[in-house]
Amino acid sequence: MDLTGAEIVVQALKEEGVEYVWGYPGGAVLHIYDALFQEKALQHILVRHEQAATHAADGYARATGKVGVALVTSGPGATNAVTGIATAYMDSIPMVILTGQVPVPFIGSDAFQEVDITGITRPCVKHNFLVKRTEDIAETMAKAFYIARTGRPGPVLVDIPKDVTDPGVRVPFEYPKKVSMRSYKPVEKGNTRQVRKAVDLMVKARRPVVYTGGGVVLGEASEDLRKLIAHTHFPVTNTLMGLGSIAASDDHFLGMLGMHGTYEANMAMHEADLIIAVGARFDDRVTGKLAQFCPNAKIIHVDVDPASISKNVRVDVPIVGQVKPVLKDMLKFLKERKSGPDKAALKEWWARIKTWRDVDCLKYANSDKVIKPQYAIETLHKVTRRRNFYLTSDVGQHQMFAAQFYPFEKPRRWINSGGLGTMGFGLPAAMGVQQAFPKATVACVTGEASIQMCIQELATCAQHDLPLKIILLNNGYMGMVRQWQEFFYDKRYSHSYVDALPDFAKLAETYGHVGMTIENPGDLEAAYKEAFGMKDRLVFMNVIIDPEENVYPMIEAGKGHHEMHMSPHLSAERELA
Amino acid sequence: MRHIISVLIENEAGALARVSGLFAARGYNIESLTVAPTEDATLSRMTIVTHGDEMIIEQIIKQLNKLVDVVKLLDLSEGPHIERELMMVKVKAEKGMREEMKRMADIFRANIIDVTDCSYTIELTGAGEKLDAFLQAVNDDLIMEVVRSGPLGISRGEKGLGLSTNS
Ligand SMILES: Cc1ncc(C[n+]2csc(CCOP(=O)(O)OP(=O)(O)O)c2C)c(N)n1
Ligand SMILES: [Mg+2]
């Protein structure tokens, strides 16, 4: 069967089981768009800015575990997509991004809408390709999907010059059944000798902590983690990216760790004698000052990416492998042992952890006059807990409040930009999630600064009937920036006040959605109920919150885990006691 | 410590940029990098000389391995190996100085590969220190131009870097 290059692109997507493509047309991809025009099996979702196409594909990938796909034109279309590509790269999200390119003979001539997108994205993709011949499209597409989803997942970009998809050129089409590359062989199982070494340390440990990250979510290993924890009774903490990989209601869960993590999680890390790091990468927001990180602990590190191991922190037992089979082996070897972890020591350890827990570090002073962001998230949980619920977030204080106050019970339910911290991510990511799960309740918690970075997507939601629930925690500030300025710049709030705000409720209405403004704490729950009751409508809730609330606890950048700032409210209460 | 790393990489457009970009983006030191196709036209072989403590070298090797285009690599410094570098030096060789310059080349087992009425071009192969020594031995004022290839390396004996060899 002979096909044009454009038809091959579309066929390849179908071969890969792609259901949705988020995109935006332009000259260099017109042939591909023409092939899509006749296509029934693939749904194309027209966004309003290419950044949103990548974030939506990314949100879809995070929620489903499948490869998200975006299609954009050359030049400005491609550069607009870069932020979304880098966002996916930092969080290891499987994506394939198709970019148009000027025809091969024009490459390098500064042709109209030419940009060297493989050059620009090289440092923020897992891999990229420039396809120069129609004959190479099928194989390249197969490789792109294979690379994106295997090993440590990541975005792969395929740059396709316009002449390669020319309708006048037809070539035989056959899609590779299997991809095998001599230069790319992702690891599977971990080395069992190393796993046994790890188990040796685990049974000897007196103060162990399991610290897990996004890798457990990406590696579909939540159930294996739960079993390991149930068997060992070890305490477990998650990174921002790992939330949901262990149920928040599990007694062994200490909450999130790191800069805005809980007192008990950070103190446990600091005092631990064994850290079992699983699918986590010792990011600086997690470790704080490296010299003071887990000063007394031996470290076991399980990761699919060898380069993640001993990058920031030297580890004692490195285990390179897929998280899932390694956790399975760990449990198996533990069960084979006559004696398990030291029960008495663990009991003592849990008693210490309880004293840290009793501090109740997330406690805040609620108010009946002004809505506190913490209360807004707690109430959100109350109203949505029985739903099939997904929460995306933008970046700032609202993100941290959501991470701290919404207890996630399952993986892939908390969707946010951790590594890159991309404002503008929340709304388009939610579009991707809703597209994947039309019946689920998908909400986006955002700030008045973040939402304005991709607000044009309200139009996409209208066109494609996406009944998202947007919860704007409106403090009138770039809250997270203001908080740093309050702490470290003597309250000089340089350019962090978000002035000239639109009436968000009205704005949502002009896009054809439902808008609400909520100012009284007493009205919040009823408003949420009303909003979440509107099954088929996007509801934009402009929740006016306390303008100067801060996120606590907080470890300043470059400080150790034991040097946490606690909420002043909490410190005052403790002094009284 | 100084390390010399040999890399077999797919002979694809952009492969070199991926390697040099990696070193630039991650702030790794790079002293020299040479690259050329191998007997297998689909593969290129790179020789990279770099410096760093153990943890950095470990990261460099892991990050190189992580590049999708890299097929195999070997840190030659970990075992017995041979290094050679090629240098061409153009020196002033006017009447009266030509004999002296020729003698110098002979001492270093260098070859004079081009002659004009005012210059010699001398070719010298060897370990980096030998090339340095030659440059030190020649009066600075006489050196017109120097070009060095950067070291190439190959391991000794059984061990090696090939598609079929164990490394
Ligand atoms: C694209 C981008 N630009 C700048 C920043 C730096 N930044 C981090 S949080 C923040 C403020 C966010 O304000 P808002 O969305 O109102 O959230 P809040 O902190 O008030 O909850 C800024 C500017 C960023 N993370 N992303
Ligand atoms: Mg704000």
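Counting restarts for each chain: residues are numbered from 1 in the order of the written sequence. Here chains are named by letter from A upward and ligands by number from 1 upward, in the order in which they appear as written. Confidence filtering applies because this is a predicted model: local features only for residues at pLDDT of at least 70, side-chain atom pairs given and counted only at 80 or more, and all residues used for totals across whole chains, interfaces and linings. Side-chain measures were taken over the full set of non-hydrogen atoms in the model, leaving aside hydrogen atoms and water.

Q: When you look at the overall build of chain B in this model, what are you seeing that I'm missing?
A: Working definition: helices are DSSP H or I runs of at least four residues, strands are E runs of at least two. Numbering for both runs from the N terminus. Check the secondary structure of chain B and you find four helices and nine strands. Put simply, chain B runs from its N terminus to its C terminus through helices and strands in the order β-α-β-β-α-β-β-α-β-β-α-β-β. Overall, the C-alpha framework of chain B stretches about 55 × 30 × 30 Å when taken along its three principal axes. Relative accessibility under 20% of the residue-type maximum defines a buried residue, over 50% an exposed one, and the middle range a partly exposed one, all with a 1.4 Å probe and only protein chains included. Going through the 167 residues of chain B one by one, you find that 43% of them count as buried. Two residues qualify as a contact provided that any one of their heavy atoms is within 4.5 Å of a heavy atom in the partner residue. Sequence separation of at least 24 residues holds for 72% of the intrachain contacts in chain B that already meet a minimum separation of 6. Counting 19 positive and 26 negative side-chain charges, chain B places the averaged centre of each group 2 Å from the other. We treat Lys and Arg as the positive residues and Asp and Glu as the negative residues; His and chain ends play no part in the count. To locate a charge, take NZ of a lysine, CZ of an arginine, CG of an aspartate or CD of a glutamate.

Q: Hey, could you run me through the overall build of chain A in this one?
A: What chain A contains, in helices and strands, is 21 helices and 20 strands. Taken along its principal axes, the extent of the C-alpha atoms in chain A is 80 × 60 × 40 Å. Here chain A, with 577 residues, has 61% of them falling under the buried criterion. Long-range contacts, defined as pairs at least 24 residues apart, comprise 77% of the intrachain contacts of chain A with a sequence gap of at least 6. Note that accessible areas follow from Shrake-Rupley with a 1.4 Å probe, and for residues the cover is restricted to the protein chains shown. Put simply, chain A shows about 22700 Å² of open surface, and 51% of that area lies on carbon and sulfur atoms. With 65 positive and 65 negative side-chain charges, chain A shows a separation of 8 Å between the mean positions of the two kinds.

Q: Teacher, can you tell me more about the site of ligand 1 here?
A: All names here are of chain A. A molecule or strand has a residue near it when one of that residue's heavy atoms lies within 4 Å. Every one of the 17 residues lining ligand 1 counts as a neighbour, but Q397, H398, G421, S450 and G479 are closest to it. We define a polar contact as two N or O atoms separated by no more than 3.5 Å, with the added condition that, inside protein, one atom must be a possible hydrogen donor and the other a possible acceptor, whereas residues neighbouring each other in sequence contribute only through side-chain atom pairs. In this structure, an oxygen atom belonging to ligand 1 sits 2.8 Å away from a main-chain N or O atom of Q397. Within the contact set of ligand 1, an oxygen atom lies 3.0 Å away from a side-chain nitrogen or oxygen of E448. For ligand 1, whose accessible area on its own is 580 Å², the fraction buried by protein is 76%. Of all the secondary structure elements, the ones that give two or more residues to the shell around ligand 1 are α15 (397-405) and α18 (479-488). If you tally residues by element for the shell around ligand 1, the top one is α18, at three residues. When residue character is reported, Ala, Val, Leu, Ile, Met, Phe, Trp, Tyr, Cys and Pro are called nonpolar, Asp, Glu, Lys and Arg charged, and the others, Gly included, polar. Grouping the amino acids of the shell around ligand 1 by side-chain chemistry returns eight nonpolar, eight polar and one charged.

Q: Got a minute to help me understand the interface of chain A and chain B in this structure?
A: Reports often express the size of an interface as the amount of accessible area lost when the parts come together. At the junction of the two partners, chain A supplies 20 residues and chain B supplies 21 residues. What counts as buried area is the accessible surface, traced by a 1.4 Å probe, that two parts surrender upon association, with contributions from both included. Summed over both sides, the interface of chain A with chain B buries roughly 1700 Å², with 48% coming from carbon and sulfur. For the chain A face of the interface with chain B, the top three residues by lost area are R122(A), R182(A) and S183(A), together amounting to 39%. By definition, a salt bridge exists where a carboxyl oxygen of Asp or Glu is found within 4 Å of a side-chain nitrogen of Lys or Arg. Linking chain A to chain B there are four salt bridges.

Q: What should I look at first to understand the coordination of the magnesium ion (ligand 2) in this one?
A: Put simply, a metal with four donors set out as a tetrahedron has ideal angles of 109.5 degrees, and one with six donors set out as an octahedron has ideal angles of 90 or 180 degrees. Ligating atoms shown are N, O and S within 2.8 Å of the metal, or 3.2 Å for Na, K and Ca, and water is not included, meaning a site may look less than complete. Taken together, the protein ligands of the magnesium ion (ligand 2) are E448(A) (OE), E448(A) (OE), N475(A) (OD1) and Y477(A) (O), with distances of 2.1 to 2.5 Å. By the criteria applied here, four donors are tetrahedral when all angles lie between 85 and 135 degrees, four are square planar and six octahedral when opposite donors are over 155 degrees apart and every other angle lies between 65 and 115, and any other arrangement is irregular. Between the six donor atoms coordinating the magnesium ion (ligand 2), the angles at the centre fall across 52 to 175°, so the site counts as irregular.

Q: I'm lost on the sheet that holds strand β9 (residues 208-212) of chain A in this one. Help?
A: Each strand in a sheet pairs with its neighbour through backbone hydrogen bonds, running either in the same direction (parallel) or in the opposite one (antiparallel). Residues and elements named next belong to chain A. Pairing between strands requires that DSSP locate at least two bridges from one strand to the other. The six strands are arranged β11-β10-β9-β12-β13-β14 in an open sheet whose pairing can be described as parallel. At either margin of the open sheet sits one strand with a lone partner, and together these are β11 (253-256) and β14 (317-320). Across the sheet, the mean angle from the axis of one strand to that of its neighbour is 15°, orientation sign disregarded. Bridge analysis of strand β10 (residues 236-238) against β11 gives two bridges, and the strand direction is parallel. The residue bridging V236 from the neighbouring strand is F253, located in β11. Set on the sheet, helix α12 (residues 323-336) makes contact with β12 (274-278), β13 (298-303) and β14; between it and β13 the angle comes to about 130°. A fitted line through C-alpha atoms serves as each axis, taken over the contacting stretch for helices, and the angle formed by two N-to-C directions is quoted from 0 to 180°.

Q: Got a minute to help me understand the side chain of N416(A) in this structure?
A: Take N416(A): it is sitting in the loop between β16 (414-415) and α16 (426-436). Within the structure, N416(A) has its side chain in polar contact with the side chain of Q399(A) (distance 2.7 Å).

Q: Sorry if this is basic, but what is going on with the pairing of strand β4 (residues 68-72) of chain A here?
A: All names here are of chain A. Burial runs high along β4: five of the five residues are buried. Of the two faces of β4, the one carrying G68, A70 and V72 and the one carrying V69 and L71 are both buried. Bridge analysis of strand β2 (residues 20-24) against β4 gives three bridges, and the strand direction is parallel. Note that in β4 the partner of G23 across the bridge is L71. In the classification by handedness, the crossover that spans β4, the intervening helix α4 (residues 76-90) and the parallel strand β5 (residues 95-101) is right-handed. Seen with the strands pointing away from the viewer, any crossover whose path from the first strand over the helix to the second strand runs clockwise is right-handed.

Q: Before we go on, may I ask you to explain the packing of helix α7 (residues 192-204) of chain A against α12(A) in this structure?
A: For any two helices packed against each other, the geometry comes down to the angle between their axes and how far apart the axes lie. Residue and element names in this part refer to chain A. Contact pair α7 / α12: the axes reach a minimum separation of 9 Å and the direction vectors enclose 55°. In this view, α7 runs oblique relative to α12, as classed from their interaxial angle. Every pair of crossing elements has a handedness; the one defined by α7 and α12 is right-handed. Residues T192, V195, R196, A198, V199, M202 and V203 of α7 lie in contact with α12, whose contacting residues are V326, D329, M330, F333, L334 and E336. Across the contact of α7 with α12, the residue classes tally to nine nonpolar, one polar and three charged. For classification purposes, angles smaller than 35 degrees are called roughly parallel, those larger than 145 roughly antiparallel, those between 65 and 115 roughly perpendicular, and all remaining angles oblique. Handedness of a helix crossing follows the sense of rotation of the near helix relative to the far helix, less than a right angle counterclockwise being left-handed and clockwise being right-handed.

Q: Quick question: what am I supposed to make of helix α10 (residues 263-271) of chain A here?
A: Since the α-helix turns once every 3.6 residues, residues separated by three or four places project in the same direction. Here α10(A) lies mainly inside the structure; eight of its nine residues are buried. Listed in full, the buried residues belonging to α10(A) are Y263(A), E264(A), A265(A), N266(A), M267(A), A268(A), M269(A) and H270(A).

Q: Honestly, the confidence of the model for chain B in this entry has me stumped. Any pointers?
A: Close inspection of predicted coordinates is inappropriate in any region flagged by low pLDDT. Of all residues in chain B, 98% have pLDDT values of 70 or greater, and the mean over the chain is 94. Taken together, the chains of this predicted complex give a pTM of 0.96 and an interface ipTM of 0.92. Known as pLDDT, the predictor's confidence for each residue is given on a scale from 0 to 100.

Q: Got a minute to help me understand helix α2 (residues 30-37) of chain A in this structure?
A: Residues and elements named next belong to chain A. Looking at α2, one finds that the buried residues are I32, Y33, A35 and L36. Projection of α2 onto a plane perpendicular to its axis shows the buried side chains occupying an angular sector of 160°, all on one side. On the buried face of α2, the contacting elements are α1 (5-15), β2, β3 (43-46), β4 and β7 (155-161). Note that the arc is computed from the directions linking the helix axis to the C-beta atoms.

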